[in-house]
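Given next are the chains, with one letter for each unit.
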Amino acid sequence: MILVDGQEQAHISAADRGLQYGDGLFETIAVSGGQPRLWERHWRRLASGCARLGIEGIDPQQLRDDAQRTCAGVRKGVLKVIVTRGEGGRGYRPALTAKATRIVATYPWPPYPEAYWQQGVAVRVCTTRLGRNAALAGMKHLNRLEQVLARREWDDPQIAEGLMLDVGGHVIAGTMSNVFVVAANRLVTPALDACGVAGVMRGVILDIAAELALSWEEGTVSRRELHQADEVFLCNALIGMWPVRCIEQQDYALGPLTKLISGRLSSILSSK
């Protein structure tokens, strides 16, 4: 089912600024037992992004009702929520009277192999770099061309994900995931103050680290630090956590910290 402003349809106006300029945001949400998982976290990120972009007029209850309607009867699937600034004329300056568009749709669950969770995934490093822009950093805005270009770099089905660096050569994230490294029993995830998406699952894992009194930080991760890490794992709202077993020619163990966090995360998600 696809709802556009609460109506069951699959099209928007060609004048919509989401189409014209990528002027909007989106959320990708796991659906389990007819319910969108971690809805409140997703809504908070979406609302924060709307505030930063100056997009107004999205009623949280209306959006939640749309989500419940599309998720009804879905045992396991994916919910995508898109909010755009709405229709506008030619030119970058938004009209003061623009009415936001909301799009809510469900999709089948991706057929990821169970081995990705049990044995870990193989990862590559992408050539496409992430540009630095603090004004957009952290948001899940509609312009994903950097990720599109990066994902076009490989078609090997054995490679589950590609890591993206910023223009300075620092590790930031995967094309669809956030990354964590473990070195000397310390958990590190790249800071996202200049680029990258602050994933909902990344936030859950940082909360778990604090709850378990683990040593952790958000900081700079170089290629050298990545290759010297003891453990590496990826996360997003759909996959939860994937251990990384290799990045190109470098192998990694499915280590104790990854197992500890994964176990706690499984417990949290099973209760949602």
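Look above for the structure.
Numbers given to residues run from 1 along each chain, matching the order in which its sequence is written. Predicted model: local features are reported for residues with pLDDT of at least 70 only, side-chain atom pairs are reported and counted for 80 or more only, and whole-chain, interface and lining totals are derived from all residues. Think of the side-chain values as coming from all heavy atoms in the structure, minus any hydrogens and water.

**Student:** What should I look at first to understand the overall build of the protein chain in this one?
**Tutor:** Counting its regular elements, the protein chain contains 8 helices and 15 strands. Three labels apply to residues, based on accessible area from a 1.4 Å probe with only protein chains included: buried if under 20% of the type maximum, exposed if over 50%, partly exposed otherwise in between. Residues counted as buried form 51% of the 272 residues belonging to the protein chain. Taking all contacts inside the protein chain whose residues are at least 6 apart in sequence as the whole, residues at least 24 apart take part in 73%. Residue burial considers only the protein chains on display, and all accessible areas are found by Shrake-Rupley using a 1.4 Å probe. Of the roughly 13,300 Å² of accessible surface on the protein chain, a fraction of 50% belongs to carbon and sulfur atoms. By the criteria applied, helices consist of DSSP H or I runs no shorter than four residues and strands consist of E runs no shorter than two, each listed in order from the N terminus. Residue contacts follow a heavy-atom distance rule, with two residues in contact if any of their heavy atoms lie within 4.5 Å.

**Student:** Where do I start with the pattern of salt bridges in this structure?
**Tutor:** Any two side chains of opposite charge can pair, so long as their charged atoms come close to each other. By definition, a salt bridge exists where a carboxyl oxygen of Asp or Glu is found within 4 Å of a side-chain nitrogen of Lys or Arg. Tallied over the full model, the rule gives 12 salt bridges. Ionic pairing is found between Asp23 and Arg17, a salt bridge with its closest N-O pair at 2.8 Å. Looking at Arg17, the relative accessible area reads 4%, which means it is buried. Put simply, Arg64 and Glu40 hold a salt bridge, and the shortest N to O gap is 3.8 Å. Pair noted here: Arg64 is in helix H3 (residues 60-71) and Glu40 is in helix H2 (residues 39-53), with a separation of 24 residues, a long-range link. Here the residues in one salt-bridge network are Asp5, Asp66 and Arg102, joined through shared partners.

**Student:** Can you walk me through the nonpolar core in this structure?
**Tutor:** Burial of nonpolar side chains together is a common tendency in soluble globular proteins. Core analysis: the largest hydrophobic core is formed by 21 residues, its most contacted members being Val121, Leu226, Val232, Val244 and Ile247. Residue assignment for this core shows that the elements contributing at least two residues are strand E7 (121-125), strand E8 (159-165), strand E10 (178-183), strand E13 (231-236) and strand E14 (240-247). Setting aside residues up to four positions removed in sequence, Leu226 forms contacts with Leu163, Val171, Val181, Val221, Val232, Ile247 and Tyr252. For our purposes a nonpolar core is just a set of buried Ala, Val, Leu, Ile, Met, Phe, Trp, Tyr and Cys residues, chained together by side-chain atoms within 4.5 Å. Within the second largest apolar cluster, 20 residues are counted, among which are Val204, Ala209, Met241 and Ile268.

Nothing here speaks to function; it is geometry throughout.
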